[in-house]
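# Chain and residue survey
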Amino acid sequence: MSSSPSCSRVAIIGGGPSGLMAAEVLSRAGVTVTVYDAMPSVGRKFLLAGVGGMNITHSEAKADFLGRYRERENEVAAWLQDFDADILREWVHGLGVETFVGSSGKVFPREMKAAPLLRAWLTRLREAGVQFRVRHRWLGWKDQGALRFATPDGEQEARHDAVLLALGGGSWKKLGSDGSWLPVLAERGVAVRDLLPANCGFDCNWSSHFADKFAGEPLKSVLLEFTDLAGHTVRKTGECVVTRHGVEGNLIYAFSAPIRDSLLANGSATVYLDLLPQKSAGQVAAEVKHPRGSRSLSSHLQSRLNLKGVRAGLLRECLSKEAFNDMDQLAAGIKRLPLTMYATRPIDEAISTAGGVRLEALDAGLMLKDMPGVFCAGEMLDWEAPTGGYLLTACLASGRAAGQGMLDWLAATGR
């Protein structure tokens, strides 16, 4: 055994943000760190998430920020205590990457890309002595405690003083996050919860006519209202997209957790869309009831309210014929259109997942209580957050917390 953490050997399984952050904490303390990843290179999901503009974190007030983590707010707050959004931005700047705050409060790298940040980070980690073993898919443990890996050269074993599992969730299998670790841990008696899609789209059972005509059409500046299982009603304005199967996009992702929970409990969930949030109910009713002469109703709605395209199509799709032909019901539908969802999209299409290793199975240092020396971090833990930088911030913070927890444990056990 080693006499101090500076002589210890640690394995980190998973080269995503949480694993790399733990590697940074440990290597700075002189620990010998080996990062194992199943893919040909590390950080693949991190890179792909940054293709459309790398959202690092969010600049909103701390209380609002923490509230994004719902029932896991207190646990995530503990991770963020020493690595919050402000410290994260300073850390990014330390890698030579400048950031800015967008109009929505989201924080982005100046170049809007993840690749420069990842390159600088990996260079710093390698200079600190971190070793990388790619194309090493973790298979679990041998009876003697050695780690098992499937590699291009066959199965291999490795022994370390401590292990961090940072294996991601269950979405985006092509990038390495396939959730195959869950039964491995469950067989060891670790308390886990089945993985569920998070930040996902939903099926709406469109008619073939509507799907053929409007799939891919954006819905901009609409207001979505939803009442969750606890009776809390939330309203938010934003954008989403009609797909062949249903709806997806940032506005939907913001509500995906409570919508999913309602689906699981009731078999369906209904949200309400205000198609014209910039107009009051009275204004809409007045325009709908305005004499239209010989014009068709469709032409009338387009002329008076600029209701056309996918918005007009949604009215036809979601309102009954009787409601559509009753001007009071039609006006009410424009301001509060019921949109019923019947299923989540498949988990591999989701941006992230909920479920995983229950936080109650971990101690304050993110070590499994029943498996001394085995730590967990990142998306494989049972928490979730909406898009907007909250996922990445908490993944990085949990990796930092796990890295510090490993240092404390190594020092306490003399390994």
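The present account deals with the structure reproduced in this document. (Residues numbered from 1 in each chain as written. Predicted model: local features only at pLDDT ≥ 70, side-chain atom pairs only at ≥ 80, totals over all residues. Heavy atoms only, no water.)

Right, let's talk about unusual backbone geometry for a bit. With the exception of glycine, most residues fall at negative phi, and the peptide bonds are largely trans. Notably, Arg135 is not glycine yet its phi reads approximately 55°, a positive angle. Along the chain, Arg135 falls in the loop between strand 6 (131-133) and strand 7 (137-141). Even without a glycine there, the phi angle at Asn199 is positive, about 50°. Its place among the elements puts Asn199 in the loop between strand 11 (192-198) and strand 12 (202-203). (Helix = DSSP H or I, 4+ residues; strand = E, 2+ residues; numbered from the N terminus.)

Right, let's get into the pairing of strand 8 (residues 147-151). Side chains of strand 8 alternate between two faces, with Leu147, Phe149 and Thr151 buried and Arg148 and Ala150 left unburied. Sheet analysis places strand 7 next to strand 8, joined by four bridges and oriented antiparallel. Across the sheet, the residue bridging to Arg137 is Ala150, located in strand 8. In this antiparallel pair of consecutive strands, strand 7 and strand 8, the connection spans five residues, and Gly145 shows a positive phi of 100°. By the bridge criterion, five bridges tie strand 8 to strand 9 (residues 154-158) in an arrangement that is antiparallel. (Buried < 20%, exposed > 50% of the residue type's maximum accessible area, 1.4 Å probe, protein only. Pairing = 2+ DSSP bridges.)

Right, let's talk about helix 16 (residues 390-413) for a bit. Across its 24 residues, helix 16 extends 34 Å between first and last C-alpha, which sits within 8% of the 34 Å expected from 1.5 Å per residue. The element helix 16 is extensively covered by neighbouring structure, given that 18 of its 24 residues are classed as buried. With its phi angle positive at about 70°, Gly414 sits one or two positions after the end of helix 16. (Expected span 1.5 Å × (residues − 1).)

The next point concerns the packing of aromatic side chains. One pass over the structure, following the stated rule, counts twelve aromatic pairs. A ring pair is formed by Tyr36 and Phe149, whose centres lie 4.2 Å apart and whose planes are at 20°; its orientation type is stacked. Of this pair, Tyr36 sits in strand 2 (residues 32-36) while Phe149 sits in strand 8, placing them 113 residues apart in sequence. Each member of the pair, Tyr36 as well as Phe149, is classed as buried. Where Trp138 meets Trp141, the ring centres are 5.0 Å apart and the plane angle is 85°; that geometry is what we call edge-to-face. Summarising the burial analysis for this pair, Trp138 and Trp141 share the class buried. One residue, Arg336, lies across the ring of Tyr272, its end atom 3.8 Å from the ring centre. (Phe/Tyr/Trp six-rings, centres within 6.5 Å; stacked < 30°, edge-to-face > 60°. Lys NZ or Arg CZ within 6 Å of the ring centre and 35° of its normal.)

With that settled, the discussion passes to the sheet that holds strand 20 (residues 374-376). To summarise the sheet geometry, strands pair through backbone hydrogen bonds and adopt either a parallel or an antiparallel arrangement. With parallel pairing, five strands are arranged side by side in an open sheet as 6-2-1-10-20. Two strands lie at the open edges of the sheet, namely strand 6 and strand 20, each paired on one side alone. Going from strand to strand, the sheet's axes swing by 20° on average, the running direction of each strand aside. As paired elements, strand 1 (residues 9-13) and strand 2 share five bridges and run parallel to each other. Its bridge partner lying in strand 2, Val10 is registered against Val33. Along the sheet, helix 16 makes contact with strand 1, strand 10 (162-165) and strand 20, crossing strand 10 at roughly 165°. (Axes fitted to C-alpha atoms, helices over the stretch in contact; angles between N-to-C directions. Contact = heavy atoms within 4.5 Å.)

We now examine the pairing of strand 1. In terms of residue burial, strand 1 counts as a mostly covered element, since four of its five residues are buried. What joins strand 1 to strand 2 is helix 1 (residues 17-28), and the crossover it makes is right-handed. Relative to strand 10, strand 1 is paired through four bridges, and the arrangement is parallel. When the sheet's bridge partners are listed, Ala11 is paired in strand 10 with Val163. (Right-handed = clockwise from strand over helix to strand, strands pointing away.)

Another aspect to go through is the pattern of salt bridges. What the rule picks out here adds up to 24 salt bridges. The partner of Lys45 in a salt bridge is Glu379, and the shortest N-O contact between them spans 3.3 Å. Residue Lys45 is located in helix 2 (residues 44-49), and its partner Glu379 is located in the loop between strand 20 and helix 16; the two are separated by 334 residues in the primary sequence. Overall, the relative accessible area of 18% leaves Lys45 in the buried class. Measuring nitrogen to oxygen at the nearest pair gives 3.2 Å for the salt bridge that ties Glu75 to Arg72. Through salt bridges that share partners, Arg70, Glu71, Arg260, Asp261 and Glu384 make up one connected network. (Salt bridge = Lys/Arg side-chain N within 4 Å of Asp/Glu carboxyl O.)

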